[in-house]
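Below, each chain spelled out in residue letters.
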Amino acid sequence: MPGAEEFMRRALAIAERAASTQVEAIRRAAELVVDARVFWVFGTGHSHLIAEELYGRAGGLADVRAVLEPGLMLHEGLLKSSLLERLPGLADVLLQTNDIGAGDVVLIASNSGRNAVPVEFAVGARAKGAKVIALTSLAHSTAVSSRTPGGQRLFEVADVVIDNCGEPGDALIDVEGSPERTGATSTLVGALLAQALTVEIVTQLTTHGQSPNVLRSLNV
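Keep in mind that this is a model prediction, so the values were computed, not measured.

Asks: Teacher, can you tell me more about the overall build of the protein here?
Replies: Looking only at helices and strands, one finds eight helices and seven strands in the protein. For the protein, whose C-alpha radius of gyration is 17 Å, the value lies close to the compact-globule estimate of 17 Å for 220 residues. C-alpha extents for the protein along the principal axes are approximately 55 × 40 × 35 Å. The distance from the centre of the 18 positive side-chain charges to the centre of the 25 negative ones in the protein is 2 Å.

Listed below in C-alpha cells is the structure:
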C-alpha cells in the first residue's frame, strides 16, 4: 500500500527530472536577472510560497522585490484566494501599485498557469518593458484551458519557462479508499528550482566581476 515511502520516491524522481532538464532554462533566466534593473517575484495561492522562497532568505539575494498581495495568498481564506486569482483586471491594479518597468525581470510562479491574475500580470509586465520568467508545470498547463479572457496560459506569455515537471493536478499518490490523489510536488520542486536559480545568479554575477548582495542568516 502506498504511503510516505512511495511519495518520497516518486517526488524525488520528479525533482531529479527537473534538475536534469531545467538547467539551461535556469541559466537563461539567471542571465536576464543579472542584467536586470530590478528582480521581482510573484505568485498566487500556494505558488506565493515560491515567491517567498526567493525573498528575504539566508543565502538569497537581498535586492529582490516580492509582490505579496494578502488576498491572493492563503491566510485570508482559501476560497477568497482561489476566486481572486481568477479575477480579470486584478493584475492591472497590482501593476499600477508596484513600480515594474523597462529593464526589470519578473519571476511568476503558477503551477497550472491558467488563472487570470498570473497570466495578466505577465502580459502587463511585458507591456511595461519587463522580461518574464515563468515557473510552472507544463504537463498541467498544456492539459487545461486558460481562464483568462485572452485565452493565454502563463508559459505562452513568458520570455523563459522553467518547468517544475509536476503531474497534472499536482498530487501524485493514489490511495485505496481515498477519492482523490494525495502528495503534491509543486512547492518542493519549485523551491529547489528557485534556489538553483539563486545560486546561478550569484555565480554569474561573480563571473562578471560583481560582488553579489547576498543575505546572511540572522541566526548565525
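Asks: Could you clarify how one ought to interpret the side chain of Q204 in this entry?
Replies: On the secondary structure map, Q204 appears in helix α8 (residues 186-207). Note on Q204: relative accessible area 11%, which makes it buried. At 3.4 Å, the side chain of Q204 and the backbone oxygen of R27 are in polar contact. Setting aside residues no more than four positions away along its own chain, Q204 makes contact with R27, A30, E31 and V34.

Asks: What should I look at first to understand the nonpolar core in this one?
Replies: F39, V41, L107, I162, L197 and I201 are the most contacted members of the largest nonpolar core, which has 34 residues in total. When neighbours within four sequence positions are excluded, F39 is seen to be in contact with V33, L61, D63, V64, R65, V105, L107, L197 and I201. Ranked by size, the runner-up nonpolar core spans 23 residues in total, among them V67, L94, A134 and L154.

Asks: Help me out: how do you make sense of unusual backbone geometry in this one?
Replies: Residues other than glycine predominantly adopt negative phi, and peptide bonds predominantly adopt the trans conformation. Of note in the backbone geometry, C165 takes a positive phi value of approximately 65 degrees without being a glycine. Among the structural elements, C165 can be located in the loop between β5 (160-163) and β6 (171-173). The exposure class assigned to C165 is buried, which follows from its relative accessible area of 10%. Despite not being glycine, D170 has its phi angle at roughly 75 degrees, a positive value. Tracing the backbone through its elements, the reader meets D170 in the loop between β5 and β6.

Asks: So what exactly am I meant to see when it comes to the environment of A66 here?
Replies: Inspection of the secondary structure puts A66 in strand β2 (residues 64-67). Residues A66 and L107 lie 41 residues apart in sequence; the distance between their C-alpha atoms is 9.6 Å. Contact partners of A66, with chain neighbours within four places excluded, come to V41 and Y55.

Asks: Quick question: what am I supposed to make of helix α2 (residues 23-34) here?
Replies: Structural remark: α-helix, 3.6 residues per turn; residues separated by three or four positions point the same way. Over its 12 residues, α2 runs 16 Å from end to end, which matches the ideal 16 Å to within 8%, given 1.5 Å per residue. Where α2 is buried, its residues touch β1 (39-43), β3 (105-109), β4 (131-136), β5 and α8.

Asks: Explain the pattern of salt bridges to me, please; I cannot follow it from the model alone.
Replies: For side chains of opposite charge, pairing can occur when their charged atoms come near one another. Taken as a whole and assessed by the stated rule, the structure comprises nine salt bridges. Of the charged contacts in the structure, one is a salt bridge between D104 and R37, with a shortest N-O distance of 2.8 Å. With D104 in the loop between α5 (90-97) and β3 and R37 in the loop between α2 and β1, this pair connects stretches of sequence that are 67 residues apart. With a relative accessible area of 1%, D104 lands in the buried category. A single network of salt bridges, built from pairs that share partners, joins R10, E167, D174 and R181.

How each quantity is defined
- Residues numbered from 1 in each chain as written.
- Predicted model: local features only at pLDDT ≥ 70, side-chain atom pairs only at ≥ 80, totals over all residues.
- Heavy atoms only, no water.
- Helix = DSSP H or I, 4+ residues; strand = E, 2+ residues; numbered from the N terminus.
- Rg over C-alpha atoms; globule rule 2.2 N^0.38 Å.
- Lys, Arg positive; Asp, Glu negative; His and termini not counted.
- Charge placed at Lys NZ, Arg CZ, Asp CG, Glu CD.
- Buried < 20%, exposed > 50% of the residue type's maximum accessible area, 1.4 Å probe, protein only.
- Polar contact = N/O pair within 3.5 Å; in protein donor to acceptor, adjacent residues only side chain to side chain.
- Contact = heavy atoms within 4.5 Å.
- Core = buried A, V, L, I, M, F, W, Y, C linked by side-chain atoms within 4.5 Å.
- Expected span 1.5 Å × (residues − 1).
- Salt bridge = Lys/Arg side-chain N within 4 Å of Asp/Glu carboxyl O.

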